[in-house]
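# Survey of secondary and tertiary structure
Residues per chain, in single letters:
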Amino acid sequence: AKDISFDLDKVIQRSRGVAKQLSGGIGHLLKKNKVTVIDGFAKLKGKGKISVGKSTKKPMEPQHPAPKGTLGEGEYTAKHIIVATGARPRALPGIEPDGKLIWTYFEAMVPQEMPKKLVVMGSGAIGIEFASFYNSMGVDVTVVELMPNIMPVEDPEVSGIARKALEKQGMKIRAKAMVKKLDRVKGKVTAHIEQGGKTTTEEFDTVISAVGI
């Protein structure tokens, strides 16, 4: 086959559509089981009490309309309160994500345009998932991992097999390496990568920070 291409907007629409469908299914189950949903930003206001204001979801996060019958702003009381707010992307000092040149997984899910050259900091589940996706879309991808193996929490044999497969697909993997510094100049990022006691520099269009949550 020749001249194969893709429609980035359609790819993202499909992805967000699946997420919306899954979220909607959970919403249906909550309603079916008579669970009251309060949509908004909550603050603890003392023993057994919370105050709920307007939702503060970021634009890049999937937006889902509140289910019918959803409660909103106000104060609510309960005998027991469970805080289960999830996690945020971890940021390294000096190379914090800016949403433009340095992405977290939020921006990586909904790119405005496809970068030509990308470096992924971290090779855990999130880092490798995005590295694999962008590599499959024709992007020149480099992964930088501090540990000797990619996917360091997995079995070393699995990690080794995965690395061979990814490198065969064209991905560049630099293990036992670290991004020490990022310079942002004229819409590009120069990464200072330390490996084996030596520091080299390389220019990229975009950085995905996947150093944990």
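Residues numbered from 1 in each chain as written. Predicted model: local features only at pLDDT ≥ 70, side-chain atom pairs only at ≥ 80, totals over all residues. Heavy atoms only, no water.

Along the backbone of the protein chain there are 4 helices and 11 strands. A principal-axis box enclosing the C-alpha atoms of the protein chain has dimensions of 60 × 45 × 40 Å. When burial is assessed residue by residue, the protein chain has 30% of its 213 residues classed as buried. Long-range contacts, defined as pairs at least 24 residues apart, comprise 55% of the intrachain contacts of the protein chain with a sequence gap of at least 6. Counting every atom, the protein chain has about 14400 Å² of accessible surface; 55% of that belongs to carbon and sulfur. (Helix = DSSP H or I, 4+ residues; strand = E, 2+ residues; numbered from the N terminus. Buried < 20%, exposed > 50% of the residue type's maximum accessible area, 1.4 Å probe, protein only. Contact = heavy atoms within 4.5 Å. Areas by Shrake-Rupley, 256 points an atom, 1.4 Å probe, with all protein chains shown as cover.)

Attention now moves to a nonpolar patch on the surface. On the surface, Ile26, Leu29, Leu30 and Val35 cluster together into a nonpolar patch covering about 320 Å² of accessible area. Its place among the elements puts leucine 30 in helix 1 (residues 8–32). A relative accessible area of 31% means that leucine 30 is categorised as partly exposed. (Patch = residues over 30% accessible without salt bridge, like charges linked within 9 Å, V, L, I, M, F, W, Y side chains within 5 Å. Salt bridge = Lys/Arg side-chain N within 4 Å of Asp/Glu carboxyl O.)

It is worth spelling out the sheet that holds strand 9 (residues 188–195) at this point. In spatial order, the strands read 8-9-10; together these 3 strands make up an open sheet with antiparallel pairing. Strands with a single pairing partner mark the edges of an open sheet, and in this sheet they are strand 8 (177–185) and strand 10 (198–204). Sheet twist, expressed as the average angle between the axes of neighbouring strands with direction ignored, equals 20°. Strand direction decides the pairing type here: strand 8 and strand 9, joined by 8 bridges, are antiparallel. The residue of strand 9 that forms the bridge with lysine 181 is histidine 192. (Pairing = 2+ DSSP bridges. Axes fitted to C-alpha atoms, helices over the stretch in contact; angles between N-to-C directions.)

Time to look at unusual backbone geometry. For lysine 34, which is not a glycine, the phi torsion comes out positive at approximately 60°. Examined against the element boundaries, lysine 34 turns out to sit in the loop between helix 1 and strand 1 (41–44). You can call lysine 34 exposed: its relative accessible area is 76%. Backbone geometry at methionine 151 places phi at a positive 45°, although glycine is not the residue there. Tracing the backbone shows methionine 151 in the loop between strand 6 (140–144) and helix 4 (156–168).

Now for the environment of serine 15. Note that serine 15 resides in helix 1. When its relative accessible area of 29% is taken as the criterion, serine 15 is described as partly exposed. Distance in space between the C-alpha atoms of serine 15 and methionine 109 is 8.2 Å, their sequence separation being 94 residues. Only 2.9 Å separates the side chain of serine 15 from the side chain of arginine 16, close enough to count as a polar contact. (Polar contact = N/O pair within 3.5 Å; in protein donor to acceptor, adjacent residues only side chain to side chain.)

Model confidence for the protein chain is summarised by a mean pLDDT of 91, while 93% of its residues fall at 70 or above. Predicted confidence is poor over residues 59–63, with pLDDT under 50, and the contacts of this stretch with residues over four places away or in other chains come to 8 contacts. (pLDDT = per-residue confidence, 0-100.)

Two elements, strand 1 and strand 2 (residues 49–53), share 4 bridges in a ladder whose sense is antiparallel. Bridge pairing in strand 2 places lysine 43 opposite serine 51. Between strand 1 and strand 2, which pair antiparallel in sequence order, lie 4 residues; one of them, glycine 46, sits at a positive phi of approximately 120°.

Burial along strand 2 is one-sided: the residues Ile50 and Val52 are buried and none of Lys49, Ser51 and Gly53 is. One ladder, built from 4 bridges, connects strand 2 with strand 3 (residues 74–77); its direction is antiparallel. Within strand 3, the residue paired with serine 51 across the bridge is glutamate 75.

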